[in-house]
Structures are given as C-alpha cells and as structure tokens.
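Okay, here's what each chain looks like letter by letter:
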Amino acid sequence: MIQRIQSVFLFLAGLVSLVISNMVDLWKAGTEWMQPDDYKVIFAMFMSSGLLSFIVIFLYKNRKRQLIYNYLNIVLNLVLVGLLAYNLFNLPGEGINSQKGIGLILPLISIILLFMANRGIKKDEKLVKSIDRIR
C-alpha cells in the first residue's frame, strides 16, 4: 500500500517541510527584530511537520489513524502559517532592501498536499468498506 497516491502527496509534504524549508531563505538573515528563539520554534515546527508526514506514510494499515495524524499535521501547519504571517508583518522593508522571503508559502503548499493525501486515504477507506459489504 505504500505505492498509493496519498504516499506521494505525503512524501512531497514531508519534502517541503524538511528539505525545502531549510534550503531557501524564509526571510533574510540578520534582522534585529527576531529573537533566536523564534528561529528555533519555526525550525522545530517545520521539522515536526516533515517527520510526521514521513511517519504517516508507513501507517498505511490503519487509515483512520493516518487521517487523524494528517489533520494534526494540518493544524500544525496552520499554526506555522500564523506564526510566519505574524513575523512577516513585523519585518522591515518594502523598498529596494526588502527582507521578506517566501517562508509563508511553504506551509500552505504542505497543507494543500496533506488535503490531497486525505482525499486519497478517504477513497481507499471507501473502497475497502464497499468490498467488505460485498463479502
């Protein structure tokens, strides 16, 4: 069951959260307003979201638990979007020296991928229930 389409979506969501969030500048470094603790919280939230996505891939035998963990991951990403939006509005710069990056887009991409994975999991659950009815 690992070869299902929801596994691809979960893998991409984990990839966005773990790898891409560390490769791109969420915003330009060197801003005075941000405390080092803010970086740690954002980094921890990205890492936990990515790890949860990769863990859920291997829970394919229990689809209800997959759905619950995906909804938990979506809530985590929504909190991350809120935190990043709050920090984005406090960033200086709207001119030539703008310090705003693409950090807010990454959790939104992850949320979309998680919703698509949930749709695939629900389809599988519906298929299994319909086959059980035939027996």
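No experiment lies behind these values; they were computed from the predicted model shown.

J.: Outline the overall build of the protein chain, supporting the account with residue identities and numerical values.
T.: Counting its secondary structure elements, the protein chain contains four helices and zero strands. Reading the protein chain from its N terminus to its C terminus gives the helix and strand order α-α-α-α. Per-residue burial for the protein chain yields a buried fraction of 38% across its 135 residues. Here the analysis covers contacts within the protein chain between residues at least 6 apart in sequence; of these, 78% occur between residues at least 24 apart. With the model as given, the accessible surface of the protein chain reaches about 8,300 Å², and the carbon-plus-sulfur share is 67%.

J.: Report on the packing of aromatic side chains, specifying residues and quantitative values.
T.: If you walk through the whole model with that rule in mind, you get one aromatic pair. Between Phe 11 and Phe 54 the ring centres are 5.6 Å apart and the planes differ by 65°, which places this aromatic pair in the edge-to-face class. Of the two residues, Phe 11 sits in helix 1 (residues 5-23) while Phe 54 sits in helix 2 (residues 36-57), which places them 43 residues apart along the sequence. Looking at Phe 11, the relative accessible area reads 41%, which means it is partly exposed.

J.: Account for the packing of helix 1 against helix 4 (residues 105-134), naming residues and giving values.
T.: Where helix 1 meets helix 4, the axes come as close as 8 Å, and the angle between the chain directions of the two elements is 160°. By the angle between their axes, helix 1 is roughly antiparallel relative to helix 4. As helix 1 runs across helix 4, the sense of the crossing is left-handed. Side by side, helix 1 and helix 4 meet where Gln 6, Phe 9, Leu 10, Leu 12, Ala 13, Val 16, Ser 17, Ile 20 and Ser 21 of the first sit next to Leu 106, Ile 109, Ser 110, Leu 113, Leu 114, Met 116, Ala 117, Gly 120, Ile 121 and Asp 124 of the second. Class assignment of the residues belonging to the contact of helix 1 with helix 4 gives a composition of 13 nonpolar, five polar and one charged.

J.: Give a detailed account of a nonpolar patch on the surface, specifying residues and quantitative values.
T.: Taken together, the side chains of Ile 5, Val 8, Phe 11 and Leu 12 define a hydrophobic patch exposed on the protein surface, amounting to about 330 Å² of accessible area. Note that Ile 5 resides in helix 1. Given a relative accessible area of 47%, Ile 5 falls into the partly exposed group.

J.: Just give me the short version of the nonpolar core, but keep the residues and values in it.
T.: Membership of the largest hydrophobic core comes to 21 residues, with the highest contact counts inside it found for Leu 10, Ile 42, Phe 46, Leu 80, Leu 84, Leu 113 and Leu 114. Every element with two or more residues in this core is listed here: helix 1, helix 2, helix 3 (63-89) and helix 4. The element best represented in this core is helix 2, accounting for seven residues.

J.: Explain the pattern of salt bridges to me, using residue names and the numbers behind them.
T.: The tally for this structure, following the rule as stated, stands at two salt bridges. A salt bridge links Arg 4 to Asp 124; its shortest N-O distance comes to 2.8 Å. Of this pair, Arg 4 sits in the segment before helix 1 while Asp 124 sits in helix 4, and the two are 120 residues apart along the sequence. A salt bridge links Arg 63 to Glu 125, with the shortest nitrogen-to-oxygen separation between them at 2.7 Å. Of this pair, Arg 63 sits in helix 3 while Glu 125 is found in helix 4, placing the two residues 62 residues apart along the sequence.

Cut-off values and rules
Residues numbered from 1 in each chain as written. Predicted model: local features only at pLDDT ≥ 70, side-chain atom pairs only at ≥ 80, totals over all residues. Heavy atoms only, no water. Helix = DSSP H or I, 4+ residues; strand = E, 2+ residues; numbered from the N terminus. Buried < 20%, exposed > 50% of the residue type's maximum accessible area, 1.4 Å probe, protein only. Contact = heavy atoms within 4.5 Å. Areas by Shrake-Rupley, 256 points an atom, 1.4 Å probe, with all protein chains shown as cover. Phe/Tyr/Trp six-rings, centres within 6.5 Å; stacked < 30°, edge-to-face > 60°. Axes fitted to C-alpha atoms, helices over the stretch in contact; angles between N-to-C directions. Parallel < 35°, antiparallel > 145°, perpendicular 65-115°, else oblique. Left-handed = near helix turned anticlockwise from the far one by under 90°. Nonpolar A, V, L, I, M, F, W, Y, C, P; charged D, E, K, R; others polar. Patch = residues over 30% accessible without salt bridge, like charges linked within 9 Å, V, L, I, M, F, W, Y side chains within 5 Å. Salt bridge = Lys/Arg side-chain N within 4 Å of Asp/Glu carboxyl O. Core = buried A, V, L, I, M, F, W, Y, C linked by side-chain atoms within 4.5 Å.

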